[in-house]
Amino acid sequence: MKQKKIPLRKCIVCQGMFPKKELIRVVRTPDEEIVIDLTGKAAGRGTYVCRQDSCLKPDAFASGKWKKVLERALNMSITQEKYDAFRDNWMEMMGR
């Protein structure tokens, strides 16, 4: 019996390849909102972040690295208000 292929995706922060189920999906919805998709099935352009501490830490947000990475990965320009709202949702979800 042939073994089923496990889909791999790249983390946008550390550039590591991980199985899709181990990653957190961030989606740009059709109405230009940025949401965290834990199901992996939300409509829109998605990108992935791994669960390593180095990728989830608040200092990655503070450095401004995340905003540029998200803009590039989601193929959109992000206003500071949208980014702040996303960052607050992210920190709340991570319990920090």
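Criteria and thresholds
Residues numbered from 1 in each chain as written. Predicted model: local features only at pLDDT ≥ 70, side-chain atom pairs only at ≥ 80, totals over all residues. Heavy atoms only, no water. Phe/Tyr/Trp six-rings, centres within 6.5 Å; stacked < 30°, edge-to-face > 60°. Helix = DSSP H or I, 4+ residues; strand = E, 2+ residues; numbered from the N terminus. Buried < 20%, exposed > 50% of the residue type's maximum accessible area, 1.4 Å probe, protein only. Patch = residues over 30% accessible without salt bridge, like charges linked within 9 Å, V, L, I, M, F, W, Y side chains within 5 Å. Areas by Shrake-Rupley, 256 points an atom, 1.4 Å probe, with all protein chains shown as cover. Salt bridge = Lys/Arg side-chain N within 4 Å of Asp/Glu carboxyl O. Arc of directions from axis to C-beta. Pairing = 2+ DSSP bridges. Axes fitted to C-alpha atoms, helices over the stretch in contact; angles between N-to-C directions. Contact = heavy atoms within 4.5 Å.

A. Geometry of the packing of aromatic side chains. The full count for this structure, using the stated rule, is three aromatic pairs. Aromatic side chains Trp66 and Trp90 sit 5.1 Å apart centroid to centroid with 55 degrees between the ring planes, which places their arrangement in the tilted category. A residue pair is termed long-range when its members are at least 10 positions apart, and Trp66 in helix H3 (residues 65-74) and Trp90 in helix H4 (residues 80-94) qualify at 24 residues. You'll find Trp66 and Trp90 in the same group, each marked buried. By the ring-pair criterion, three or more aromatic residues cluster together here, those being Trp66, Phe86 and Trp90.

B. Broad picture of a nonpolar patch on the surface. On the surface, a cluster of nonpolar side chains totalling about 310 Å² of accessible area is made up of Ile6, Leu8 and Met17. Among the structural elements, Ile6 can be located in the segment before strand E1 (8-10).

C. Examining H3 more closely. For H3, the full list of buried residues reads Trp66, Val69, Leu70, Ala73 and Leu74. Take H3 and look down its axis: the buried residues cluster within an arc of 110 degrees, on one side only. Looking at H3, the residues exposed on the side facing more than 90 degrees away from the buried face are Lys68 and Arg72. Asn75 sits one or two positions beyond H3 and adopts a positive phi of about 60 degrees.

D. Region of interest: the sheet that holds strand E3 (residues 24-28). Here we have three strands laid out as an open sheet, ordered E4-E3-E5, and antiparallel in their pairing. Each edge of the open sheet carries a strand with a single partner, namely strand E4 (34-37) and strand E5 (45-49). The sheet shows a mean angle of 30 degrees between the axes of neighbouring strands, taken without regard to direction. In this sheet, E4 lies alongside E3 in antiparallel orientation, the contact comprising four bridges. Bridge assignment links Val26 to a residue of E4, and that residue is Ile36. Contacting E3, E4 and E5, H3 runs over the sheet at an angle of about 140 degrees to E5.

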